[in-house]
Amino acid sequence: METLFIGQQLIRISRTDSTNNHTIELLRQSVIPEGTIVLAEEQAKGRGQRGRTWESEPGTNLTFSMVLYPVFLLPHKQFALNQAVSLAITEVVSDITRREALIKWPNDIYVEEEKISGILIENAIRDEKLVRSVVGIGLNVNQTKFTPDIPNPTSLKLQTDRDHDLEECLGMLCGKLESRYLQLKSKPQVIVEHYLERLYRQGQWTDYKLKGSRCKAKITGISEQGELLLEYKGGRQAAHTFHEVEFIH
Ligand code: BTN
């Protein structure tokens with residue numbers, strides 16, 4: 001691994017319920033160095049956003065969690081970590097597929113209209129500080145068939161028509177995750193700018209479901225707290241949380 005700390009400690013497990021759960025449990029029991037990765041071949045109960053599950057064929061994709069101690073981030077700025085992680089994955093996906101990968105707010109990674117990767121970050125806050133972060137990442141690598149209830153999945157193999165080496169992909173991810181994390185520490189504004197450049201549907205008038213009803217709006221940005229800033233026809237602007245707004249395809 002050509003990194004300073006991300007992935008230098010790699011804990012491989014063949015099967016667990018969820019690598020995020022497993023990592024949180026490890027953190028309870030012992031001191032884990034920053035950058036440690038817990039990688040599972042199989043998750044029995046992989047967790048996704050909004051209480052959803054994350055499905056992944058055993059041994060075919062990357063499902064792992066990374067331990068970070070982002071004490072330099074104030075809790076109200078914790079979304080910046082999602083932004084840095086999303087950017088790192090997007091870069092790796094673009095490098096491998098030679099296609100533009102975009103971030104569907106808040107942190108799904110898309111190639112065109114299909115989802116290739118998901119992120120689940122679980123933070124612990126103590127005394128107004130972000131004391132630890134478990135960054136869970138699922139990246140579809142060599143899976144080509146998905147169960148029908150997954151809305152619009154894709155994988156590196158589906159995008160490129162060839163198999164990919166999991167270790168190589170993990171190495172690339174660790175490298176990009178480390179550079180974006182260090183950049184978050186030293187130049188956080190750059191992360192915000194690059195995230196906006198990579199944002200799916202940014203600046204386009206499209207349909208959204210907002211608190212249950214359909215409306216046309218345009219993404220104009222992201223607030224510091226990670227809310228989606230939408231502009232409506234007529235010029236009104238509003239900030240929305242993840243629970244209020246849904247994309248319509
Ligand atoms: C989502 O798209 O809703 C987020 C998916 C996150 C999945 C990863 S796989 C590794 C880690 N362990 C989990 O249980 N979830 C994350």
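Located above this text is the structure these notes cover.
Conventions and cut-offs
Residues numbered from 1 in each chain as written. Predicted model: local features only at pLDDT ≥ 70, side-chain atom pairs only at ≥ 80, totals over all residues. Heavy atoms only, no water. Near = heavy atom within 4 Å. Polar contact = N/O pair within 3.5 Å; in protein donor to acceptor, adjacent residues only side chain to side chain. Areas by Shrake-Rupley, 256 points an atom, 1.4 Å probe, with all protein chains shown as cover. Helix = DSSP H or I, 4+ residues; strand = E, 2+ residues; numbered from the N terminus. Buried < 20%, exposed > 50% of the residue type's maximum accessible area, 1.4 Å probe, protein only. Arc of directions from axis to C-beta. Contact = heavy atoms within 4.5 Å. Pairing = 2+ DSSP bridges. Axes fitted to C-alpha atoms, helices over the stretch in contact; angles between N-to-C directions. Parallel < 35°, antiparallel > 145°, perpendicular 65-115°, else oblique. Left-handed = near helix turned anticlockwise from the far one by under 90°. Nonpolar A, V, L, I, M, F, W, Y, C, P; charged D, E, K, R; others polar.

## As for the site of the ligand
Close to the ligand lie 19 residues; Ser18, Gln43, Arg47, Gln49 and Lys115 are nearest. At 2.9 Å from a nitrogen atom of the ligand is found a side-chain nitrogen or oxygen belonging to glutamine 43. Protein chains shield 98% of the accessible area of the ligand, which is 420 Å² for the free molecule. Considering each element in turn, the shell around the ligand owes the most residues, four residues, to strand E6 (residues 114-126).

## Some thoughts on helix H1 (residues 19-29)
Among the residues making up H1, those that are buried are Thr19, Asn20, Thr23, Ile24, Leu26 and Leu27. Buried residues in H1, looked at end-on, bunch into an arc of 160°, giving them a common side. In H1, those exposed residues whose orientation departs by more than 90 degrees from the buried face are Arg28 and Gln29. Looking at the buried residues of H1, the elements they touch are strand E1 (10-16), strand E2 (37-43), strand E3 (62-68), E6 and strand E7 (129-139). Measuring from the side-chain oxygen of the N-cap residue of H1 to the backbone nitrogen of asparagine 20 gives 3.2 Å; that N-cap residue is serine 18.

## A look at the pairing of E3
Burial analysis of E3 places seven of its seven residues in the buried class, the great majority of the element. Two elements, E2 and E3, share three bridges in a ladder whose sense is antiparallel. Following the sheet pairing, leucine 39 is matched in E3 by phenylalanine 64. Sheet topology places E3 next to E7; seven bridges connect them, and they run antiparallel. Counted as the bridge partner of valine 67 is valine 134 from E7.

## Digging into the sheet that holds strand E9 (residues 213-222)
What links the strands of a sheet is backbone hydrogen bonding, and the strands pair in either a parallel or an antiparallel sense. The strand order E11-E10-E9-E8-E12 describes an open sheet built from five strands, whose pairing is antiparallel. Where the open sheet ends on each side, the last strands, each with one partner, are strand E11 (237-240) and strand E12 (245-247). Pairs of neighbouring strands in the sheet enclose a mean axial angle of 50°, with direction left out of account. The pairing of strand E10 (residues 228-232) with E11 spans four bridges and is classified as antiparallel. The residue of E11 that forms the bridge with leucine 229 is alanine 239.

## What about the packing of helix H2 (residues 79-97) against helix H4 (residues 166-186)?
Where H2 meets H4, the closest approach of the two axes is 8 Å, and the angle between their N-to-C directions is 140°. In terms of orientation, H2 lies oblique with respect to H4. Handedness of the crossing formed by H2 with H4: right-handed. Within the contact between the two elements, H2 uses Ala80, Leu81, Ala84, Val85, Leu87, Ala88, Ile89, Glu91, Val92, Asp95 and Ile96 and H4 uses Cys169, Met172, Leu173, Lys176, Leu177, Arg180, Tyr181 and Leu184. Residues of the contact of H2 with H4, tallied by class, amount to 15 nonpolar, no polar and four charged.

## Details of the packing of H2 against helix H5 (residues 188-197)
Where H2 contacts H5, the axes come no closer than 9 Å and their chain directions differ by 60°. For the element pair H2 / H5, the angle class is oblique. For the element pair H2 and H5, the recorded crossing hand is left-handed. For the pair formed by H2 and H5, the contact residues are Phe79, Ala80, Gln83, Ala84, Ser86 and Leu87 on the first element and Ile191, Val192, His194 and Tyr195 on the second. Looking at the contact of H2 with H5 residue by residue, the class counts come to seven nonpolar, three polar and no charged.

## Some points on the pairing of strand E8 (residues 205-210)
Residues of E8 alternate between two faces, with Thr206, Tyr208 and Leu210 buried on one and Trp205, Asp207 and Lys209 left unburied on the opposite face. As defined by bridge partners, E8 adjoins E9 across six bridges and the pair is classed as antiparallel. Paired with aspartate 207 across the bridge in E9 is lysine 216. Hairpin geometry of E8 and E9 is characterised by an intervening segment of two residues between the two adjacent antiparallel strands and by a positive phi of about 45° at lysine 211. Sheet analysis places E8 next to E12, joined by three bridges and oriented antiparallel. In the sheet register, tyrosine 208 faces E12, and the bridge partner there is phenylalanine 247.

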